[in-house]
Structure formats: structure tokens, C-alpha cells
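Below are the chains, spelled out letter by letter.
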Amino acid sequence: MINSTQVSYFILAAYIDTGVSKYLYFMIVMALYFFIISTNLLLIVVICMNRSLHEPMYILLCSLFVNELYGSTGLFPFLLLQILSDFHTVSVPFCYLQIFCLYSYACVEFLNLAVMSYDRYLAICCPLQYNTRMTRNKIIVFIVVAWLYASVLCFLPLSMSLPSQLCGNIINKVYCDNYSIVKLACYNTINSIHGLIATFLIIFCPVTLILYTYMKILKICFSGSKQTRQKAVSTCTPHIASLLNLSCACFFEIVQRRFNLNNVPNMLQIFLSIYWLTCQPLFNPLVYGLNMSSIRNICKNLMFA
């Protein structure tokens, strides 16, 4: 007979007692969060306030930066409170809310990158049709659909795991994670399958679309002129770098969930588990802000005006 209990809170067991060093960790995480907020907010304001940047690609970038604020806010305030706390517990409702925020952030991130790859495909492979096929209204529709799709897709697995009977309340992570809760369920076969389907829809479907568009772009580059190749490299490099960073981060997270990593040092496990939530919001504004001359020049004018 399986002993199930009515769980009202979860214990986050990945936190370790660091003594007075916790204040140092608090300051480091606070500085990182402040930098993420300030850089992404700066780029959002720059794009919104300059009419010359009210083009499809920059609107997509603005959506990307808004999503970085959304995802980092789902983690960092919670992380800061837990670092200073002596008891690392979280209520069940807040835990599920955090899971929804973080998973929908990942889903919107991949969908944003997928739409951006389609935008680059039209700009490079169909330049004469770009203005008619990629209008401002279409971009707004794409963005709204991406957020709605992510919300529905992330809500369904959570709604299915909510009624599950739990045989424990210890999560071996520094934040709430649906797979960790599924493993606590007394009967988790169906929820595990739903989780795999959701992971497939969140990651592999958008990545498949991205790979398809880049195959088309490569085909044009090999058969096109030197100018076409230079345009493709300059416009696609930040996007590819962002996609590779996010894909590697999600790969680390999936491996950590599915395999036993008890032999890996605890600090490395913590770093790998939060990499996708910390480096991506930090990486994107730096890559796009520094690499794209139109945004970089406006930022320079604002800073040195």
C-alpha cells in the first residue's frame, strides 16, 4: 500500500548551508538580476521610442526582451528570498505558479526564435515579397499566438498533475520543477507521458521549423552572390548564437532531470539547473544590442548625449 499525504508545501533540498557567505551570494544574484532588468528594459525602450526601429525584426526583438524580463522575474526574486532564508520551503500554489511562468517563458522563447528565423528566411530568400508577407500586423498576430500557445501548452500538464496524490514533498532543486513533482506522485505514468509530449511541443516543434528555414537560407547562400552570403551571416549570426545557447541550456536541464547526477558536485548541479534561466536573459540583450549597429548606435547616443 502506498502512503500518500496532503502536501501543503514543498521543501527545496538543493540549497546548502553557506553561513555568512549567503550574503555574498545574495549580492551576486542581485547584481545579475539588476543587470538583466536594466539591459532588457533599455533595449525595449529604445525600440519602442524610435520609429525607425518599428519594423518586423525589431518588434520580434522587443517581444524577445519582454520575455527575458518575464522569465527572469519568475526566478530571481524567489531565488533571492531563498538565499537569505533559513528554511527553504515554498507553498504548493506558488510552486505551480512558478512552474507555469518558467515553462511558458521557455516555450515563448523558442517560438520567438522560430518566428525570427522565418523573418530572416523571407528577408534573404524572398526580399521582393518581404514587405507584403511580413507586415507589422502579421508580426503582432504571431507574437499573440505564441503567448497564447505557450500559456495553453504549459497549463495543461500542470492541470493534470495538480490532482495527483503525492508520496513526498522534497524537491532536489533550487526552484520548482514539474518533473520533480511528477516523480513525487504515487502514480506518475500518465503525467510522465504528458510531460514528454509537452517537452516535445515546446522544444522540438519550433526547432524543427528553425532548422527548415536555415536549410532554405543555406541553399540560397550557396547558389547566391557574395553580397547575399554577407547579408545572411550578418543578420543570422545573433539568432544562431541565441538558439545554440538556449538549446544547450535546455539540454543540460533535460539531462539533469532524466539521469542520476549524484556524482556531480552540488554547485555544478545548481549552475546547470539555472543556466537556461540566467544566461539567456543576459545573453540576448548583449548579442543583439552590441551586434546590431542600428540598436548599438542609438544606445551610444543615449549614453553619451
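Structure's up top.
Everything quoted here is computed from the prediction, not taken from an experiment.

So, about the overall build of the protein chain. Within the protein chain, the secondary structure is distributed over 10 helices and three strands. Beginning at the N terminus, the succession of helices and strands in the protein chain can be written as β-α-α-β-α-α-α-β-α-α-α-α-α. For the protein chain, whose C-alpha radius of gyration is 21 Å, the value lies close to the compact-globule estimate of 19 Å for 305 residues. Overall, the protein chain is about 70 × 45 × 35 Å in size when its C-alpha atoms are taken along their principal axes. Among the 305 residues that make up the protein chain, the fraction classed as buried is 49%.

Right, let's get into helix α10 (residues 293–303). Considered for burial, the residues of α10 that qualify are Ile295, Ile298 and Cys299. When α10 is viewed along its axis, its buried side chains cluster within an angular range of 100° and face the same direction. For α10, the elements touching its buried residues are α1 (21–49), α2 (56–84) and α9 (266–291).

Its location among the elements puts Ser91 in strand β2 (residues 89–91). In this structure, the C-alpha to C-alpha distance between Ser91 and Ile11, residues 80 residues apart in sequence, is 9.0 Å. In contact with Ser91, not counting residues within four places along its chain, are Ser8 and Tyr9.

In this section: the nonpolar core. By size, the foremost hydrophobic cluster in this structure holds 93 residues, and its most contacted members are Phe10, Leu61, Tyr175 and Ile217. If one sorts the elements of this core by residue count, helix α3 (residues 92–125) sits on top with 21 residues.

Quick look at the pairing of strand β1 (residues 9–12) now. Of the two faces of β1, the one lined by Phe10 and Leu12 is fully buried and the one lined by Tyr9 and Ile11 carries no buried residue. In terms of strand pairing, β1 meets β2 through three bridges, oriented antiparallel. Across the sheet, Tyr9 pairs through a bridge with Ser91, a residue of β2. As defined by bridge partners, β1 adjoins strand β3 (residues 170–171) across two bridges and the pair is classed as parallel.

Moving on, we get to the packing of α9 against α10. Packing of α9 against α10 brings their axes to within 5 Å, and their N-to-C directions diverge by 90°. Considering their axes alone, α9 and α10 lie roughly perpendicular with respect to each other. When α9 is examined against α10, the residues Tyr288, Gly289, Leu290 and Asn291 are found in contact with a partner set consisting of Ser293, Ile295 and Arg296. Residues belonging to the contact of α9 with α10 are distributed by class as follows: three nonpolar, three polar and one charged.

Attention shifts here to the environment of Ala146. In this fold, Ala146 is placed in helix α5 (residues 136–161). Ala146 gets classed as buried once you look at its relative accessible area, which sits at 7%. C-alpha of Ala146 to C-alpha of Phe87: the two residues are 59 residues apart in sequence and 37 Å apart in space. Those residues in contact with Ala146 that lie beyond four places of it in its chain are Val108 and Leu111.

How each quantity is defined
Residues numbered from 1 in each chain as written. Predicted model: local features only at pLDDT ≥ 70, side-chain atom pairs only at ≥ 80, totals over all residues. Heavy atoms only, no water. Helix = DSSP H or I, 4+ residues; strand = E, 2+ residues; numbered from the N terminus. Rg over C-alpha atoms; globule rule 2.2 N^0.38 Å. Buried < 20%, exposed > 50% of the residue type's maximum accessible area, 1.4 Å probe, protein only. Arc of directions from axis to C-beta. Contact = heavy atoms within 4.5 Å. Core = buried A, V, L, I, M, F, W, Y, C linked by side-chain atoms within 4.5 Å. Pairing = 2+ DSSP bridges. Axes fitted to C-alpha atoms, helices over the stretch in contact; angles between N-to-C directions. Parallel < 35°, antiparallel > 145°, perpendicular 65-115°, else oblique. Nonpolar A, V, L, I, M, F, W, Y, C, P; charged D, E, K, R; others polar.

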